[in-house]
Amino acid sequence: KYAFWGTQPVAQFSEAGGEAPEGPIDVPKTVAEVRQEPYTLPDSFEWCVCDLRDDAVAHEVYELLSNNYVEDDDNMFRFNYSSGFLKWCLLCPGHTLDWLVGVRVKASRRLVGFISAIPAHIRVGGGPGAGAEGGPAGGREVRMVEINFLCVHKKLRSKRLAPVLIKEITRRVNLRDIWQAAYTAGVLLPKPLATCRYFHRSLNPRKLIDVGFSRLAPRMTMARTIKLYKLPDEPLTPGMREARPEDAPKLVPLLNDYLARYRLTQVFNEEEVAHWFQNIDNVVQAFVVEDPAAPGSLTDLVSFYALPSSILGHPEHTELRAAYLYYTVPGATPLKQLVNDAMIMAASKGYDVFNALDLLQNELFLKDLKFGAGDGQLHYYLYNWRLAGNASLTPQEVGLVLM
Ligand code: NHW
Ligand code: EN5
């Protein structure tokens, strides 16, 4: 069990909490000690850098993922990240092309594997008091990478290629003097820092039921279901508008001060805020509330990203359009109202479902806004970092949303 993960500097299921101090798991190393040569792939494969600035390469990564990336437990849906999304997400501030690692078949040049890293300042640990009340949690800010889009072509599964991809990206990240990583996965690995659940809010219930994403509740008709989930055409919060790049200086303290109460979160600088909270059709939407009584003063933020799924083997429908709640900062406006407005925008833009996790303060609105628990979980992991006493976090202590 866990032949690979048992050898890695990650929290293990076996170890007891006890004395373990907060911090790195491995003995600290220097860049000079990092292996210079890439890890060895089986003979017929070679490493490549996937320069997503090149549309042809972005399309190759898109194709690999759209045919081979994550599916739900019943293999009815498969994530279908768009190439525009991959560019937004992976060509972020501080990105390093060397960290967009591909594996190709030597003979055909066909892309059959991928893994990515992007840099982030992650604050982790600290005292209790996270959640609704929320004094600052404290903890330590650590330069990390976020690992995502690990994928091996279906025809090459179970050949131990994933550990080679993971070791190779670790080496390339270590070469830049970064020794920690954060990642999420639906599968259980040693050992989650936190486990969150997905929640879903129907926007287009007829289609969701048609494709088997949801079911008609007992004693409900289709007409009553459609009425139940109907939303207004326009957001209800006065002063809500799309975020603009010039908003970033004001959003940085708004966002970071709010996130200070969580025990696992990202710390954003101005350039990062401008990047992650922009508006790109079918990729990401970010809205701010500009106080109508005090023009120029921004009181709230709400955002979501677009992650459609392919519907596998349905005669009519091929794509499920899902919006995923990203970060929300309730300042002057109640959280529930901000998320309701985000759902209104998503519905008016033609999304079929609005998804959220039970982290941050999301429990405050899930029930009232008619979200239901999904069948998927999302585990949060750190590489080469442990919390004091090997502690784990509740979903409500998590303030980190990855793509
Ligand atoms: S989670 C989504 C991952 N991708 C998918 O699920 C796509 C569909 N599946 C596949 O492509 C978001 C393959 O099944 C993959 C495994 C490639 C997943 N994370 O090659 P083998 C992310 O991208 C372990 C980590 O034979 P395979 C986050 C498994 O437990 N490990 O399997 C990624 C086993 O190890 P064990 C995973 O099915 C975070 C080994 O892989 C995993 O052909 C990466 C088997 O390898 C997963 N999702 O390929 C870690 N799924 O110990 C980053 C399976 O049990 C760490 N495995 O023997 C940090 C690095 C940076 C550090 C910097 C300081
Ligand atoms: C790392 N960045 O399982 C990403 N999705 O619940 C990797 N279920 O969509 C992590 N099975 O419950 C990936 N409908 C982990 C997630 C992998 C994908 C996944 C789940 C999340 C999902 C749907 C469809 C299930 C189809 C059968 C689901 C029920 C919705 C219903 C709506 C009405 C109110 C009750 C709930």
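The numbering scheme is per chain: residues are counted from 1 as the chain's sequence reads. Note on labels: chains are lettered from A, ligands numbered from 1, in written order. With the structure being a predicted model, the display of local features is reserved for residues of pLDDT at least 70 and the display and counting of side-chain atom pairs for 80 or more, all residues being used for whole-chain, interface and lining totals. Excluded from the side-chain calculations are hydrogens and water; all other atoms, namely the structure's heavy atoms, are used.

### Some details on the pairing of strand 5 (residues 140–152)
Point 1. Paired strands, as defined in this entry, are two strands with at least two bridges between them according to DSSP. Think of it this way: any DSSP run of H or I at least four residues long counts as a helix, any run of E at least two long counts as a strand, and we number them from the N terminus. As paired strands, strand 4 (residues 111–124) and strand 5 are joined by eleven bridges and run antiparallel to one another. Considered in strand 5, the bridge of Phe114 is made with Cys151.
Point 2. Sheet topology note: the strand 5/strand 6 (residues 181–185) ladder contains two bridges and is parallel. When the sheet's bridge partners are listed, Glu146 is paired in strand 6 with Ala182.
Point 3. Regarding topology, helix 3 (residues 161–174) serves as the crossover connection from strand 5 to the parallel strand 6, and that connection is right-handed. We call a crossover right-handed when, viewed with the strands running away from us, the connection from the first strand over the helix to the second turns clockwise.

### A short note on the sheet that holds strand 13 (residues 319–320)
Point 1. A sheet is described by the order of its strands in space; here three strands give the open sequence 2-12-13, paired in antiparallel fashion. Every other strand in the sheet has two partners, leaving strand 2 (77–79) and strand 13 as the edge strands with one partner each.
Point 2. Two elements, strand 2 and strand 12 (residues 309–311), share three bridges in a ladder whose sense is antiparallel. Note on strand 12: the bridge partner recorded for Phe79 is Ser309.

### Considerations on the site of ligand 2
Point 1. One heavy atom suffices: a residue is near a molecule or strand as soon as one of its heavy atoms comes within 4 Å of it. Around ligand 2, the structure places 22 residues, and the nearest of them are Asp72, Asp74, His200, Phe213 and Asp375.
Point 2. One nitrogen or oxygen atom from the side chain of Thr184 is found 3.4 Å from a nitrogen atom belonging to ligand 2.
Point 3. Any pair of N or O atoms that falls within 3.5 Å is considered a polar contact. Within protein, one atom must be able to donate a hydrogen and the other to accept it, and sequence-neighbouring residues count only if both atoms are side-chain atoms. Between ligand 2 and Gly376 there is a distance of 3.0 Å, counted from an oxygen atom to a backbone nitrogen or oxygen.
Point 4. Only the protein chains shown count as cover for residues, and all accessible areas are computed by the Shrake-Rupley method using a 1.4 Å probe. Alone, ligand 2 offers 880 Å² of accessible surface; in the complex the protein occludes 84% of this.

### Concerning the layout of surface pockets
Point 1. The computed volume of the second largest pocket comes to approximately 380 Å³.
Point 2. Residue lining of the second largest pocket: 19 residues in total, with Asp26, Lys29, Thr170, Asn174 and Trp179 positioned closest to the centre.
Point 3. For the lining of the second largest pocket, the element with the highest residue contribution is helix 3, accounting for four residues.
Point 4. Each residue belonging to the lining of the second largest pocket can be placed in one class, and the counts come to eight nonpolar, five polar and six charged. Detection works on a 1 Å grid of protein atoms alone, calling trapped sets that fit a 1.4 Å probe cavities and calling open sets with protein on both sides within 12 Å along at least five of seven lines pockets, with lining residues defined by an atom within 4 Å of a point. Grid points are joined across faces, edges and corners, and a volume is the space filled by probe spheres set on the points. Side-chain classes follow a simple rule in which Ala, Val, Leu, Ile, Met, Phe, Trp, Tyr, Cys and Pro form the nonpolar group, Asp, Glu, Lys and Arg form the charged group, and the remainder, Gly included, forms the polar group.

### Notes on the site of ligand 1
Point 1. As a structural note, the neighbourhood of ligand 1 is formed by 34 residues, with Trp5, Leu150, Ser158, Arg160 and Ala162 the closest of them.
Point 2. Take Ala3: an N or O atom from its main chain is 3.3 Å from an oxygen atom of ligand 1.
Point 3. Between Arg160 and ligand 1, the recorded distance is 2.7 Å, taken from a side-chain N or O atom to an oxygen atom.
Point 4. Considered on its own, ligand 1 offers 1200 Å² of accessible surface; in the complex 88% of this is hidden by protein.
Point 5. Of all the secondary structure elements, the ones that give two or more residues to the shell around ligand 1 are strand 5, helix 3 and strand 6.
Point 6. If you tally residues by element for the shell around ligand 1, the top one is helix 3, at seven residues.
Point 7. For the shell around ligand 1, the per-class residue count stands at 24 nonpolar, seven polar and three charged.

### With respect to the nonpolar core
Point 1. The nonpolar core is taken to be a set of buried Ala, Val, Leu, Ile, Met, Phe, Trp, Tyr and Cys residues, with the residues joined through side-chain atoms within 4.5 Å. Each residue's exposure class comes from its accessible area (1.4 Å probe, protein chains only) as a fraction of the maximum for that residue type: buried when under 20%, exposed when over 50%, partly exposed otherwise. Residues Leu264, Phe277, Tyr327 and Tyr380 are the most contacted members of the largest nonpolar core, which totals 81 residues.
Point 2. Inspection of this core shows a minimum of three residues originating in each of domain 1 (5–182) and domain 2 (196–399).
Point 3. Setting aside residues up to four positions removed in sequence, Leu264 forms contacts with Ile122, Arg123, Val124, Leu193, Tyr380, Leu382, Leu393, Glu397, Val398, Gly399 and Leu400.
Point 4. Within the second largest apolar cluster, 29 residues are counted, among which are Trp47, Val103, Ile147 and Val164. All the domain ranges listed were derived from an automatic or database domain assignment. We call two residues in contact when some of their heavy atoms are within 4.5 Å.

### A closer look at the side chain of Arg386
Point 1. Note that Arg386 resides in the loop between strand 16 (372–383) and strand 17 (398–399).
Point 2. Sequence-distant contacts of Arg386, defined by excluding residues within four places in its chain, comprise Glu15, Ala20, Pro21, Glu22, Gly23 and Ile25.

### Brief notes about the domain arrangement of the protein
Point 1. Once the domains are mapped, the protein shows domain 1 (5–182) and domain 2 (196–399).
Point 2. Once you take the C-alpha centre of each, domain 1 and domain 2 turn out to be 24 Å apart.
Point 3. Domain 1 puts 64 residues into the contact, and the matching count from domain 2 is 46 residues.
Point 4. Taken as a group, Phe77, Trp88 and Arg123 account for 17% of the area that domain 1 buries against domain 2, more than any other trio of residues on that side.
Point 5. Salt bridges are defined by distance alone: a side-chain nitrogen of Lys or Arg within 4 Å of a carboxyl oxygen of Asp or Glu. The tally of links between domain 1 and domain 2 comes to one salt bridge.
Point 6. Seen at the junction of domain 1 and domain 2, the total is 23 residue pairs in polar contact (both at pLDDT 80 or more). We define buried area as the total accessible area lost by two parts upon association, computed with a 1.4 Å probe and summed across both.

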